[in-house]
Amino acid sequence: MGGWAIAVHGGAGVDPNLPTERQEEAKRLLTHCLNLGISAVRSNLSAIDVVELVVRELETDPLFNSGRGSALTEKGTVEMEASIMDGPKRRCGAVSGITTVKNPISLARLVMEKSPHSYLAFAGAEEFARNQGVELVDNDYFITEDNVGMLKLAKEANSILFDYRIPIVGLETCSAGAAATESPLQMNGLPISVYTPETVGCVVVDKEGRCAAATSTGGLMNKMTGRIGDSPLIGAGTYACDLCGVSCTGEGEAIIRGTLAREVGAVMEYKGLGLQEAVDYVVKVRLDEGKAGLIAVSNNGEVACGFNTNGMFRGIASENGFMEVAIWE
Amino acid sequence: MGWAIAIHGGAGDIPLSLPPDRRLPREDALRHCLNIGVNALKSQQHALDVVELVVRELENHPNFNAGRGSVLTNSGTVEMEACIMDGNTKRCGAVSGLTTVVNPISLARLVMEKTPHIYLAFDGAEAFAREQGVDTVDSSHFITPENTERLKQAKEANRVQIDYTQPIQKEVKIETHAADCDSQIGTVGCVAVDNHGNLATATSTGGLVNKMVGRIGDTPVIGAGTYANHLCAVSATGKGEAIIRCTVARDVAALMEFKGLSLEEAAASVVESALIGTVGLVAVSPSGEVTMLFNTTGMFRACATEDGYSEIGIWSSRQN
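So, how was this worked out
Residues numbered from 1 in each chain as written. Chains lettered and ligands numbered in written order. Predicted model: local features only at pLDDT ≥ 70, side-chain atom pairs only at ≥ 80, totals over all residues. Heavy atoms only, no water. UniProt positions renumbered as here; feature names shortened; annotations may be inferred. Helix = DSSP H or I, 4+ residues; strand = E, 2+ residues; numbered from the N terminus. Buried < 20%, exposed > 50% of the residue type's maximum accessible area, 1.4 Å probe, protein only. Contact = heavy atoms within 4.5 Å. Pairing = 2+ DSSP bridges. Axes fitted to C-alpha atoms, helices over the stretch in contact; angles between N-to-C directions. Buried area = accessible area lost by both parts, 1.4 Å probe. Salt bridge = Lys/Arg side-chain N within 4 Å of Asp/Glu carboxyl O. Polar contact = N/O pair within 3.5 Å; in protein donor to acceptor, adjacent residues only side chain to side chain.

## Section: the UniProt feature "active site" (unreviewed entry) in chain A
Residue and element names in this part refer to chain A. The UniProt record marks Thr199 with the feature "active site" (unreviewed entry), using the residue numbering of this structure. With respect to the helices and strands, the residue threonine 199 is situated in the loop between β6 (190-191) and β7 (200-205). You can call threonine 199 buried: its relative accessible area is 3%. When near neighbours in sequence (up to four residues on either side) are disregarded, threonine 199 contacts His9, Gly10, Gly11, Asn65, Thr215, Ser216, Thr217, Ser231, Cys248 and Thr249.

Following this line, the structure appears as structure tokens:
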């Protein structure tokens, strides 16, 4: 018991046909970020600093759906959101509708520490970013060719498409498109194909037993402009308290309805469940028909993950030497 | 069993010395809105329809901080947000950053029912409003002289706090108190359970006086200011930042579910564990219980149940 622990994720729900090369790329990035976090927590950085720096790394790399490499709105633009929470005192910060800030997670942290509020969005958030002097870039910076192709496919399939990092081929041969036409899953009662958004996140418990969580995303491919998902919503995509730190990924709407991240903390606090029990309970019971995954740490140095999707990009490590980077069950 | 309804017009530092010309119109409005809700429940309307209907009415009332009468941002503009949730299905809808939509709560409902999403904000939400053909007006419609004055006072208070040094703190404190006293009015909400045990909640607000442009509070954050499931329907009000961190609305339900607390016990526990002066809430259970609690000086509120009980209040029962 005790000691540090860290987990990172790059999204829940993975295309079973994802090319091996892409899987290796993902595992390399997860390993890199995990190691970054491990070094940081070993050098006594606090949990809140570690989750921020790891998520910055994930945002900067174009592979997953956050920062550069974010999914595109229906207009072909990028609108990013992120949130961060510090377990002790439950301080939190969140941003939505970010279009020029290179690292949204850092802006979320600034909202927490330098503003009288917890959540800033769109023009107001961008204005705050300018005042804080954070690094700004053109919206184009975040847009990758891969995602431009994905958006086109999504529009053709007339569905909301999660991010798969699969090669761009014709709709008929694209497993995403094929699945979309073969068995459209339901989301909010509407026939929309469902895949994972490759949101990124990190949770850490440091040597002092402090927990923190951070989540960042570009959201759903082809989303309506102005659409806010679970990632910036405290209690849904992100949560941390004295007992735990949680970051979720998957169907945003299901995570919001299930207040997933808070749920892990609530069953630990009110039902006395241990971390893994709490994670399992929440994934099995709280998601109803929704598909999602989450990573979590406890103040006791435990780390856990759970998902009811087809795989989740993740990396886990703890002070006792355990380390694992995985995609599938 | 039977129907029950509770509404609030904001919790905050409402001074006991609130003059009649400020108190009576609000009490009248609460009575009026409560009756609308009661009549709707009596005519067998679904809880979800009832809460939307009542909150629309509260939004239209210029004396509460929602829709017309919303408090102003630090730029003197209005940015409204709202949220609605159905207890049975846990379907929900939320909007933020509205500037021209006459009834934000109805737009939130449309997000829930007409889009694959839960939450739309700012330009995207306004564009959706136009697509849906909801009532929109010039944003000056929402701005009242009272709120323009509140903003002025809030800005002056801030300036004073920065300019003055320690010895004058006391004076400064009194001035800020006067400036804040009426301006802590935050948010309107309605929770209801109908004859069939359906629960629903709706909350709407202009946010905090002098808030930064783009600031989002607890109201549209599911689990913070608004939440409903099969155990209860909750609408919270107070200091958004505190309500978010304490996941107030969700915690009431969580305590009922995981610790077996009653509605009243769960609500009391949540309100008591929040920082004093920051939280108020109204809640109902499927069996027709109602609770209205706050750790602020007061909360504009009203409730009624099928067995004939009804109540309208501002401060704690002893002081009303």
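The discussion continues.
## Some words on the UniProt feature "binding site: substrate" (unreviewed entry) in chain B
UniProt's feature table lists "binding site: substrate" (unreviewed entry) at B:Arg215, B:Ile216, B:Gly217, B:Asp218, B:Thr237, B:Gly238, B:Lys239 and B:Gly240, given in the numbering used throughout. Mapped onto the elements of the fold, B:Ile216 is located in the loop between β6 (199-205) and β7 (226-228). Looking at B:Ile216, the relative accessible area reads 0%, which means it is buried. Not counting residues up to four positions away in its chain, the partners in contact with B:Ile216 are A:Tyr119, A:Ala121, A:Ile228, B:Glu81, B:Ser96, B:Tyr119, B:Phe122 and B:Ile244. Residues in contact with B:Asp218, not counting those within four places in the same chain, are B:Ala224, B:Gly225, B:Ala236, B:Gly240, B:Ile243 and B:Ile244.

## Here we look at the sheet that holds strand β8 (residues 233-238) of chain B
The pairing of strands in a sheet comes from backbone hydrogen bonds and takes either a parallel or an antiparallel form. All names here are of chain B. Sheet architecture is open: four strands sit in the order β7-β8-β9-β10, paired in antiparallel fashion. Of all strands in the sheet, those bounded by a partner on one side alone are β7 and β10 (290-294). The mean angle between the axes of side-by-side strands here comes to 10°, regardless of whether they run parallel or antiparallel. Of the strand pairs in this sheet, β8 and strand β9 (residues 279-284) are connected by six bridges, and their pairing is antiparallel. Across the sheet, the residue bridging to glycine 238 is valine 279, located in β9. Lying over the sheet, helix α9 (residues 263-273) contacts β9 and β10, oriented at roughly 15° with respect to β10.

## Comments concerning the interface of chain A and chain B
Taken residue by residue, the interface counts 43 residues in chain A and 38 residues in chain B. Here chain A meets chain B over a buried area of about 3500 Å², counting both sides, of which 64% is carbon and sulfur. It is A:Met224, A:Arg257 and A:Tyr270 in chain A that bury the most area against chain B; as a group they hold 19% of the surface buried on that side. One can count three salt bridges joining chain A with chain B. Linking chain A with chain B are 15 residue pairs in polar contact (both at pLDDT 80 or more). Elements with a contribution of two residues or more to the side of chain A that touches chain B: β3 (91-98), β4 (119-121), α4 (122-132), β9 (227-228), α7 (252-257), α8 (260-271) and α9 (275-286) of chain A. Examining the composition of the side of chain A that touches chain B, we find that six residues originate from one element, α8(A), more than from any other.

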